[in-house]
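Summary of structural features
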Amino acid sequence: MDRLKNKVAIVTGAGAGMGRETSILFAKEGCAVAVFEVNEQNGMQTVNDIIANGGVAKFWKVDVSNEENVRQAVDEVAATFGKIDILINNAGITGVDKKTHELTVAEWDQVFNVDVKGVFYCTKYVVPYMLKNQKGSIVNLSSIYGTLGAHELTPYHAAKGAVFAMTRQDAISYAKNNIRVNSIHPGTIMTPLVKELGSRMEGGLPAYEKLMSEKHPIGHAGEPIDVAYGCLYLASDEAKFVTGAQLYIDGGYSAM
Ligand SMILES: NC(=O)c1ccc[n+]([C@@H]2O[C@H](COP(=O)([O-])OP(=O)(O)OC[C@H]3O[C@@H](n4cnc5c(N)ncnc54)[C@H](O)[C@@H]3O)[C@@H](O)[C@H]2O)c1
């Protein structure tokens, strides 16, 4: 119940999928949650559900690819809650499914603006508050696709690879300041993002789910709560000696 007692977390993309599940779990563990979400209705839903269960949460309409949006919201979170202990860089999009020679610059930039610049902006504006306290935990949502290739989603692979590299670099930059930075690499997790992706495949979502289940040695896709528990561990003081690590939550996918 108290694994994050008296802490303050920002969770980006907290209106759906893993961000939503992580926010709800964090609130149950005693954390005040700043919900950063571009979709106002979904963000407010997460906040209302947390408050209805006795937790503390507040909504900020933030597009993580907009620097000014991020800067302003981060300052407001610190003013509202007095500090920032945890940043979960979760907001992400998959973008188009094309090979490199077929991609337009705009399609490439669309993914990098959210998945890479979004992590950069949030980290850039949160770190000064963590430096003030000489303590913090940042968790970046990369992917199995950030370290492994596959037959799909080229710009997404590149973007998640950048997030993987940014994690290790920031882990070293801020280790002496007791700001830990780790990445999580989920396999297929059945969230709205994946359901939308699957529905674009020939045979629709059932065909996608079957294909992905076969690729995970455990025999099925994961659930958002599987990733939320990983975020909880890395965000908590239980992980005080863990920085620059990659946590695969993938049913054995990356072990093959
Ligand atoms: N689901 C998977 O199988 C899977 C696997 C590996 C990695 N990931 C990564 O995990 C993270 C969460 O994935 P998910 O499946 O829960 O996604 P999702 O699409 O279900 O939820 C993502 C949320 O982020 C929000 N969002 C999108 N762009 C935003 C922006 N510019 N600013 C603020 N919010 C924005 C969306 O509105 C949505 O509420 C992503 O970074 C994703 O790339 C997902």
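How each quantity is defined
Residues numbered from 1 in each chain as written. Predicted model: local features only at pLDDT ≥ 70, side-chain atom pairs only at ≥ 80, totals over all residues. Heavy atoms only, no water. Helix = DSSP H or I, 4+ residues; strand = E, 2+ residues; numbered from the N terminus. Rg over C-alpha atoms; globule rule 2.2 N^0.38 Å. Buried < 20%, exposed > 50% of the residue type's maximum accessible area, 1.4 Å probe, protein only. Contact = heavy atoms within 4.5 Å. Domains from an automatic or database assignment. Buried area = accessible area lost by both parts, 1.4 Å probe. Salt bridge = Lys/Arg side-chain N within 4 Å of Asp/Glu carboxyl O. Polar contact = N/O pair within 3.5 Å; in protein donor to acceptor, adjacent residues only side chain to side chain. Nonpolar A, V, L, I, M, F, W, Y, C, P; charged D, E, K, R; others polar. Near = heavy atom within 4 Å. Areas by Shrake-Rupley, 256 points an atom, 1.4 Å probe, with all protein chains shown as cover. Phe/Tyr/Trp six-rings, centres within 6.5 Å; stacked < 30°, edge-to-face > 60°. Lys NZ or Arg CZ within 6 Å of the ring centre and 35° of its normal. Pairing = 2+ DSSP bridges. Axes fitted to C-alpha atoms, helices over the stretch in contact; angles between N-to-C directions. Parallel < 35°, antiparallel > 145°, perpendicular 65-115°, else oblique.

What follows deals with the overall build of the protein chain. Within the protein chain, the secondary structure is distributed over nine helices and seven strands. For the protein chain, the C-alpha radius of gyration of 17 Å lies close to 18 Å, the compact-globule estimate for 256 residues. Along the longest, intermediate and shortest principal axes, the C-alpha atoms of the protein chain span 50 × 35 × 35 Å. Each of the 256 residues in the protein chain was classed as buried or not, and the buried ones make up 51%. Here the analysis covers contacts within the protein chain between residues at least 6 apart in sequence; of these, 71% occur between residues at least 24 apart.

Here the protein chain is partitioned into domain 1 (8–187 + 223–249) and domain 2 (192–221). Each of domain 1 and domain 2 has a C-alpha centre, and these two points are 24 Å apart. On the side of domain 2, eight residues touch domain 1, which itself brings eleven residues to the contact. Summed over both sides, the interface of domain 1 with domain 2 buries roughly 590 Å², with 59% coming from carbon and sulfur. Seen at the junction of domain 1 and domain 2, the total is zero salt bridges. Counting every contact that joins domain 1 to domain 2 gives zero residue pairs in polar contact (both at pLDDT 80 or more). Its residues assigned to classes, the side of domain 1 that touches domain 2 shows four nonpolar, five polar and two charged.

With that settled, the discussion passes to the site of the ligand. The immediate surroundings of the ligand are formed by 28 residues, with E37, N90, Y156, I189 and T191 found nearest. A distance of 2.5 Å separates an oxygen atom of the ligand from a polar side-chain atom of E37. Backbone polar atom of V64 to a nitrogen atom of the ligand: 3.0 Å apart, as the coordinates give it. Compared with its free state, where it exposes 830 Å², the ligand has 91% of that area covered by protein. At the level of secondary structure, the elements contributing two or more residues to the shell around the ligand comprise α1 (17–28), α6 (154–174) and α7 (192–199). It is α7 that contributes the most residues to the shell around the ligand, three residues altogether. Of the residues that make up the shell around the ligand, three or more belong to each of domain 1 (8–187 + 223–249) and domain 2 (192–221).

Attention shifts here to the packing of aromatic side chains. Enumeration according to the criterion identifies five aromatic pairs in this entry. Seen from their ring centres, F120 and Y121 are 5.6 Å apart, and the 40° between their planes marks the pair as tilted. Using a relative accessible area of 9% as the deciding quantity, one classes Y121 as buried. Between Y145 and Y156, the aromatic rings sit 6.4 Å apart at their centres with planes inclined by 80°, giving edge-to-face as the arrangement. Separated by eleven residues along the polypeptide, Y145 in the loop between β5 (136–141) and α6 and Y156 in helix α6 bring together distant segments of the chain. Among the aromatic residues, those joined into a ring-pair cluster are F36, W60 and F81. Across from the ring centre of Y125, 5.2 Å away, lies the NZ or CZ of K124, which sits over that ring.

Pairing of strand β2 (residues 32–37) with strand β3 (residues 56–61), which is carried by six bridges, proceeds in the parallel orientation. Counted as the bridge partner of A32 is V56 from β3.

The next point concerns the packing of helix α4 (residues 105–115) against helix α5 (residues 117–133). Between two packed helices, the angle of one axis relative to the other and the distance separating the axes together describe the packing. Contact geometry for α4 and α5: axes closest at 3 Å, N-to-C directions at 25°. One finds that α4 runs roughly parallel with respect to α5. Listed contacts from α5 to F112, N113, V114 and D115 of α4 are K117, G118 and V119. For the contact of α4 with α5, the residue count by class is three nonpolar, two polar and two charged.

Let us now look at the environment of L153. With respect to the helices and strands, L153 occurs in the loop between β5 and α6. The exposure class of L153 is buried, given its relative accessible area of 1%. A C-alpha to C-alpha distance of 18 Å links L153 and K117, two positions 36 residues apart in sequence.

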